[in-house]
Amino acid sequence: MCYVQNMKADFHVHSAFSVGGVLGKPHASESVEQILERAEQEGIKMLSISDHDNTLAYSYILNNPQVLDKFSGRIVPAVEANVHYNGTNIHAMLYGFKLEDSERINNLTPLVKARGENLLKRQQERIEKLKRISDTLGIVYDKKFTITQDGLCGHDSFCEHVLSKPENVGKLSFSDMREFYYDNLLNEQSPWYLNFSEDLGSLQELYDEVKKVDKNIIVSLCHIGQYAIESRSQFIREVRPYIDAIEVMHWSHIRALQEECCKLADELGLYKFGGSDFHTQEQKLGMWDNSKREINTDSLRLPENIYNIHGKKI
Ligand SMILES: [Zn+2]
Ligand SMILES: [Zn+2]
């Protein structure tokens, strides 16, 4: 698509309506108003508020249309869905639904599943499982460790807790949370394995359902650098039938990965999106690569038929 001029953009931003997927706690700090004000200050011309597994930001905008006065750029409605592909937990972004469809999007089976009414119960079960494993492995933890009613601690907190205990040094073959996740919680061969796919919808299901709402809605694979997969390019080729785009710019992508993603997208005919994955004010809207590089429309490839918040093409 050909823009008259290059525009600063951010297609991945979380508002306080986001809850942290498997964690079940609010993990982004700014309101819709604050984000719109910030985007305006940063000179952003295209913006997606893309909360986890819900479209509440857009219901809010529908009910309070005056908030749109704070931002002079274009808004592309989006939502980031927690789904799995053959058991691997991944995030997929839905871009460009019409505002009047936001309720239908909110009710897509994979989004409802990921929000999970039984999230707290499942978290508690996961912690119980991790405690049982800890007991057999002689790993030390506080017996009273439990999930709180407001969901402020889940299995991640338990892992952090275990890792912080000096008594466990040397007993554990992992040293940080990232390693712990990949080598243990997400590894089917590990006794610590937590099967997240049991309570997530699949990418295929998400793709099918969303195209029934509107075939113009774009499904984009988020931050490929963050998954427990062996080959990124092989994975993208495999999921190609269920995606229209990939996120090429994200803070977790180093320059080389961004270039690899762009090359693959061009080869496979995928659109290219990018975003800051803004959660708190320590990050910068419109910037990727740990707030070092600007996201702009010249370095992306956006679909021509995507809707902005006013139902018009961007
Ligand atoms: Zn994500
Ligand atoms: Zn995100």
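Everything numeric here is computed off the predicted structure, so don't read it as measured data.

Bringing the overall build of the chain into the picture now. What the chain contains, in helices and strands, is 10 helices and 11 strands. Scaling as 2.2 N^0.38, a compact globule of 314 residues should have a C-alpha radius of gyration of about 20 Å, and the chain matches this with 20 Å. Taken along its principal axes, the extent of the C-alpha atoms in the chain is 65 × 40 × 40 Å.

Okay, helix α10 (residues 255–268) next. For α10, with 14 residues, the first-to-last C-alpha span of 20 Å sits near the 20 Å given by 1.5 Å per residue. Taken together, the buried positions of α10 are occupied by Gln258, Cys261 and Ala265. The buried residues of α10 occupy an angular sector of 60 degrees when the element is viewed end-on, so they sit on one face. Of the exposed residues in α10, the ones pointing more than 90 degrees away from its buried face are Ala256, Glu259, Lys263, Asp266 and Glu267. Following α10 by one or two positions, glycine 269 adopts a phi angle in the positive range, close to 70 degrees.

For the rest of this paragraph, the subject is unusual backbone geometry. Positive phi values are uncommon outside glycine, yet aspartate 289 reaches one of about 55 degrees. Residue position: aspartate 289 is located in the loop between β10 (287–288) and β11 (293–294). For aspartate 289, a count of 19 C-beta atoms within 10 Å gives the class partly exposed. Of note, serine 291 is a non-glycine position whose phi angle comes to about 65 degrees, a positive value.

Calculation notes
- Residues numbered from 1 in each chain as written.
- Chains lettered and ligands numbered in written order.
- Predicted model: local features only at pLDDT ≥ 70, side-chain atom pairs only at ≥ 80, totals over all residues.
- Helix = DSSP H or I, 4+ residues; strand = E, 2+ residues; numbered from the N terminus.
- Rg over C-alpha atoms; globule rule 2.2 N^0.38 Å.
- Expected span 1.5 Å × (residues − 1).
- Buried ≥ 20, exposed ≤ 12 C-beta atoms within 10 Å, placed from the backbone.
- Arc of directions from axis to C-beta.

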